[in-house]
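Architecture at a glance
The residues making up each chain are set out below.
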Amino acid sequence: MPNVISKSVKVFAPASVSNLNCGFDILGFALDDPGDEVILTLNESKKVSIEKITGDNGLLPTDPEKNTASAVIQYYLKQINSNQGVSIILHKKMPLNSGLGSSAASSVAALVGINELMGKPMSRRELLPFAMEGECLACGNAHADNVAPSLFGGLVLIRGYNPPDIVKLPVPDNLWCAIVHPELSIPTREARQILPATIPLRDAVIQWGNVAGLIAGFYSNDMELIRRSMQDVIIEPVRKVRIPLFDSMRKIAMDAGAIGFGISGSGPTVFAFCNSLIQSENICKSISSLLLTSSIENQFYVSKINQQGALITTL
Ligand code: HSE
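What you see as residue numbers is a count from 1 along each chain, following the sequence as written. It should be noted that, the model being predicted, local features are given only for residues of pLDDT at least 70 and side-chain atom pairs only at 80 or more, the latter also being counted only at that level, while totals for whole chains, interfaces and linings use all residues. The side-chain numbers reported here are obtained from all heavy atoms of the structure, hydrogens and water having been left aside.

**Topic: unusual backbone geometry**
- With an omega of 5°, the peptide bond running from Asp33 to Pro34 counts as cis.
- Along the polypeptide, Pro34 turns up in strand E2 (residues 27–43).
- Looking along the chain, the bond that leaves Asn162 and enters Pro163 is cis, with omega of 0°.
- Inspection of the secondary structure puts Pro163 in the loop between strand E5 (155–161) and strand E6 (164–169). A run of H or I in DSSP counts as a helix once it spans at least four residues, and a run of E counts as a strand once it spans at least two, with each numbered from the N terminus.

**Considerations on helix H9 (residues 246–255)**
- Any residue under 20% of the maximum accessible area for its type is buried, any over 50% is exposed, and the rest in between are partly exposed; the area is computed with a 1.4 Å probe on protein chains only. Burial in H9 covers these residues: Phe246, Met249 and Ala253. Down the axis of H9, the buried set is contained in an arc of 65°. They therefore lie on one face. The outward face of H9, more than 90 degrees from its buried face, is lined by the exposed residues Lys251 and Asp255.
- Throughout, a contact is declared for two residues whenever any of their heavy atoms are within 4.5 Å. Summarising the contacts, the buried residues of H9 are in contact with helix H8 (236–239), strand E8 (260–263), strand E9 (270–274) and helix H10 (277–293). The arc in question is traced by the directions running from the helix axis to the C-beta atoms.

**Things to note about the domain arrangement of the protein chain**
- Where a domain begins and ends is set by an automatic assignment or by a domain database. One can read the domain layout of the protein chain as domain 1 (8–169 + 306–313) and domain 2 (176–303).
- Summarising the inter-unit geometry, the C-alpha centres of domain 1 and domain 2 are found 24 Å apart.
- Taken together, the contact pairs 33 residues of domain 1 with 40 residues of domain 2.
- Its largest share of buried area at the contact with domain 2, domain 1 owes to Asn21, Cys22 and Asn97, together 27% of the area lost on that side.
- What makes a salt bridge here is a side-chain nitrogen of Lys or Arg within 4 Å of a carboxyl oxygen of Asp or Glu, nothing more. The interface formed by domain 1 and domain 2 holds one salt bridge in total.
- The residue Asp25 makes a salt bridge to Arg192 at a minimum N-O spacing of 2.7 Å.
- Identification of polar contacts relies on pairs of N or O atoms within 3.5 Å, with a donor-acceptor requirement for protein atoms, meaning one able to donate a hydrogen and the other able to accept it, and with residues adjacent in sequence counted only if both atoms are side-chain atoms. Counting every contact that joins domain 1 to domain 2 gives 13 residue pairs in polar contact (both at pLDDT 80 or more). Buried area is calculated as the accessible area (1.4 Å probe) missing from two parts once they are joined, with the contributions of both summed.

**Regarding the side chain of Asp25**
- The residue Asp25 is located in the loop between strand E1 (8–18) and E2 in this model.
- On the accessibility criterion, Asp25 (12% relative accessible area) is buried.
- A distance of 2.7 Å separates a polar atom in the side chain of Asp25 from a polar atom in the side chain of Arg192.
- Residues in contact with Asp25, not counting those within four places in the same chain, are Asn19, Asn141, His143, Asp145, Ile158, Tyr161 and Arg192.

**With respect to the pattern of salt bridges**
- Tallying each qualifying case throughout the model produces 12 salt bridges.
- Measuring nitrogen to oxygen at the nearest pair gives 2.9 Å for the salt bridge that ties Arg159 to Asp165.
- In this structure, the salt-bridge partner of Arg242 is Glu190, at a minimum N-O distance of 3.7 Å. Residue Arg242 is found in the loop between H8 and H9, and its partner Glu190 is found in helix H5 (residues 188–193); the two are separated by 52 residues along the sequence.
- Under the relative-accessibility criterion, Arg242 is labelled partly exposed at 35%.

**What about the nonpolar core?**
- Of all hydrophobic cores here, the largest spans 69 residues; its most connected members are Phe29, Leu40, Ile73, Tyr76, Ile114 and Phe273.
- Per-element accounting of this core gives the leading share, nine residues, to helix H2 (residues 102–117).
- Mapped onto the domain boundaries, this core takes at least three residues apiece from domain 1 (8–169 + 306–313) and domain 2 (176–303).
- Among all residues touching Phe273, those that are not within four sequence positions of it are Leu20, Phe29, Leu175, Trp176, Phe218, Met230, Ala258, Ile259, Gly260 and Ile305. For our purposes a nonpolar core is just a set of buried Ala, Val, Leu, Ile, Met, Phe, Trp, Tyr and Cys residues, chained together by side-chain atoms within 4.5 Å.

Right under this line is the structure:
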């Protein structure tokens, strides 16, 4: 068993925006704000337990088998043949079922924390499959487009899943992100169940042209190419009907000069790529006002792309 080097650790793991419209399950990026915080403390109990959760309105399970943070720690400890006891305090600092990678951030923070406390026997790449197991527990599918950005930071391509093949993409200069979360809950599990099992070849051709264009745009810093490529003919048409005022929100963002607009992950959060802080703030405020006129409470965030991923902070 690896040496235990410290008793307590605090970890911040960022929220993430996945899919980027055309890249369902294969593209995502991390945000500076919001994110989750996990505090882990080793103990002699030989059990993984949840001591406290804040910010979830009592909605998250405290059963260590069902909570993603504790479950991924259990998978991890089993893998390294350890019966180490650990208690978890989880501060949820983002909305649940929002499309911002909430379960991913909790799993990633928990894994980075336990790995640190156990003396770092694994690299971050080696932690990825455990975080993906957390996603499977949370929504029934082990997608990596939230956990990988939260773990590694940056703009991430999951080139393949068997085994996970992660490629970090260059981030264009001055790329800002406007994020608006209408206060509705859309569980990812449900948002995946409504998707078609098969797609017409003509749609696939449009979609992979857009994915290729988007990647080329990131590499060449070509905002116009990014704008043309951020189109989704497969997932968005099915999911947007569950997000009130989606087309009006898009119009506001694009009329204000956004580079692209779409659903963040499985929604209901929406995001826009912007050219500046001011532009992203203005787009957030305008979309927020629109939602409020329809009595839809909301929160908004403005962020650059977070390049660090999960961060160990001092206690
Ligand atoms: N790619 C996943 C989906 C992300 O769209 O279902 C979930 O946040």
